[in-house]
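Take a look at the letters that make up each chain.
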Amino acid sequence: MARTAIPGGLSARRAWRSATLADRRPETAQAVTLVLDVPDWPGHVPGQHVDVRLTSEDGYRATRSYSVAAPTDGDALELTVQRVPDGEVSTFLCDDLRRGDTVEVRGPLGGWFVWRPGQPGPVLLVAGGSGVVPLMSMLRARPAGSASPFRLVYSARSPEDLLYREELARRAAENDGVEVGLVFTRSAPEGDRRGVGRLRPEDLTGHGWSVDDAPTCYVCGPTGFVESAAAHLVALGHPPERIRTERFGPSGP
Amino acid sequence: MNNESAADAAFDGNVMAGPLSEVFAVDITTAQGRCRGCGTTSVIATLRVYGPDPGLVGRCPGCDDVLVRIVRTPDAVWLDLAGLTSLRVAVPAGVAGVPASSGGDA
């Protein structure tokens, strides 16, 4: 049967699983990382997402998709959820879900916007706002000492809106082939030489990051951001087939 | 991925992976679909998608025609693929029971 070729088995990927909140870490004033315990989690590829389903006491159900924020780690599944004003699922997950509470998850999902450890060549990650979450899963999956350099260009409204701020600074300081470039659209730290403004083509270039280095590019963020960033990459000469995108929502960071 | 947003938000075909997994045995978001309207071939993950409620609507990046609609009711998945003339699904070569040539356009 063909289905035996599907990793984790067909029913495993399709099934809704019970997931228990094991831990929660605030990331910013508006975002939290949830660590869910999912018994027999089959593992996932960096960049994949899960569907999260909530069921209220009266049977009403709501389902939303969230990127996984970290590589496979046994039964622990990390999601970083950005609070959306009036969003019924994100506000519940950010404000009301307590340790020991359960939700349902389905996945891992999506085979397009993924980076497979072992995939050769440099990687250029371009994030707008909470679009950094699946890219962080890729960055965290990069083995120490890897020959594949990674560069993350991360656009956020302000320094206070940065997810994973300390970890990104630490990874960039390790001199292990990870570069992080920050772009601020509303307010920048004092003395920031770039100044404030939306992503510009020159933000995507840099020493060792020319088109000739042939990086695979992953762009994730709100729709307007993704379209503009992908257009910049194409204009710089990156072939469209090496640009992968994931977009959500209408507004930019 | 963080698909809770304002009404009429534009997502992309990546968000269809979960609902499609209820119907198909393989990941259809990596398949290539051909638009009946303009003939553009697109990876399903790259469609512009509106939703998620009451359902997901995937549009052609070439001409904006509706290619895929998915609505989940309590006991059924409604799937409308009328905007596609073909769907090319890559399969691992040599999988038992599935000739490698079946990955071509329908």
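Every residue gets a number counted from 1 within its own chain, in the order that chain's sequence is written. Following the order in which they are written, the chains are lettered starting with A and the ligands numbered starting with 1. Note on the predicted model: pLDDT of at least 70 is required for a residue's local features to be given, and 80 or more for side-chain atom pairs to be given and counted; whole-chain, interface and lining totals, by contrast, use all residues. The side-chain numbers reported here are obtained from all heavy atoms of the structure, hydrogens and water having been left aside.

Where an unreviewed UniProt entry is consulted, chain A appears under the name Oxidoreductase, with the organism given as Intrasporangium oryzae NRRL B-24470. Here is the UniProt Cofactor (unreviewed entry) comment for chain A, exactly as written: "FAD". UniProt positions are given in the numbering used here, feature names are shortened, and annotations may be inferred rather than shown by experiment.

Caption draft 1: Examining the overall build of chain A more closely. Starting at the N terminus, helices and strands are each numbered in turn, a helix being any DSSP run of H or I of at least four residues and a strand any DSSP run of E of at least two. Within chain A, the regular secondary structure consists of five helices and eleven strands. The principal-axis extents of the C-alpha atoms in chain A amount to approximately 55 × 45 × 30 Å. For this analysis, residues touch if any pair of their heavy atoms sits within 4.5 Å. If you take every contact in chain A between residues at least 6 apart in sequence, the share linking residues at least 24 apart comes to 71%. Here the Shrake-Rupley method, with its probe set to 1.4 Å, supplies the accessible areas, and only the displayed protein chains count as covering residues. As displayed, chain A offers around 11100 Å² of accessible surface, 49% of which is attributable to carbon and sulfur atoms.

Caption draft 2: Structural view of the pattern of salt bridges. The working definition used for a salt bridge is a side-chain nitrogen of Lys or Arg within 4 Å of a carboxyl oxygen of Asp or Glu. Tallied over the full model, the rule gives 19 salt bridges over all chains. Taking the shortest distance from any N to any O, the salt bridge between R106(A) and E22(B) comes out at 3.4 Å. Taken as a pair, R106(A) in strand β6 (residues 102-109) and E22(B) in the loop between α1 (17-21) and β2 (32-35) lie in two separate chains rather than in one. The class of R106(A) is buried, set by a relative accessible area of 4%. Of the residues examined, E22(B) reaches a relative accessible area of 23% and is grouped as partly exposed. Notably, a salt bridge pairs E227(A) with R48(B), separated by 2.1 Å at the nearest N-O pair. Of this pair, E227(A) sits in helix α5 (residues 223-236) while R48(B) is found in strand β4 (residues 48-50), placing the two residues in two different chains. For every residue, the accessible area (1.4 Å probe, protein chains only) is compared with the maximum for its type, and the residue is labelled buried under 20%, exposed over 50%, or partly exposed between those bounds. On the accessibility criterion, E227(A) (33% relative accessible area) is partly exposed. On the accessibility criterion, R48(B) (24% relative accessible area) is partly exposed.

Caption draft 3: Structural context of the domain arrangement of chain A. All names here are of chain A. Segmenting chain A into domains produces domain 1 (2-109) and domain 2 (123-247). Every contact between the two is made by 14 residues of domain 1 and, on the other side, 14 residues of domain 2. Here domain 1 packs against domain 2, burying approximately 1100 Å² in sum over the two surfaces, 57% of which is carbon and sulfur. Across the domain 1-domain 2 interface, the total number found is zero salt bridges. Distance and chemistry together define a polar contact, namely a pair of N or O atoms within 3.5 Å, with one atom able to donate a hydrogen and the other to accept it when in protein, and with adjacent residues in sequence counting only for side-chain atoms on both sides. At the junction of domain 1 and domain 2, the tally comes to four residue pairs in polar contact (both at pLDDT 80 or more). Within the residue set of the side of domain 1 that touches domain 2, elements represented by two or more residues are β1 (16-28), β2 (31-37) and β5 (76-82). Top contributing element to the side of domain 1 that touches domain 2 by residue count: β5, with three residues. The source of the domain bounds is an automatic or database domain assignment. Throughout, the accessible surface (probe 1.4 Å) given up by two parts as they are put together, summed over both, is called the buried area.

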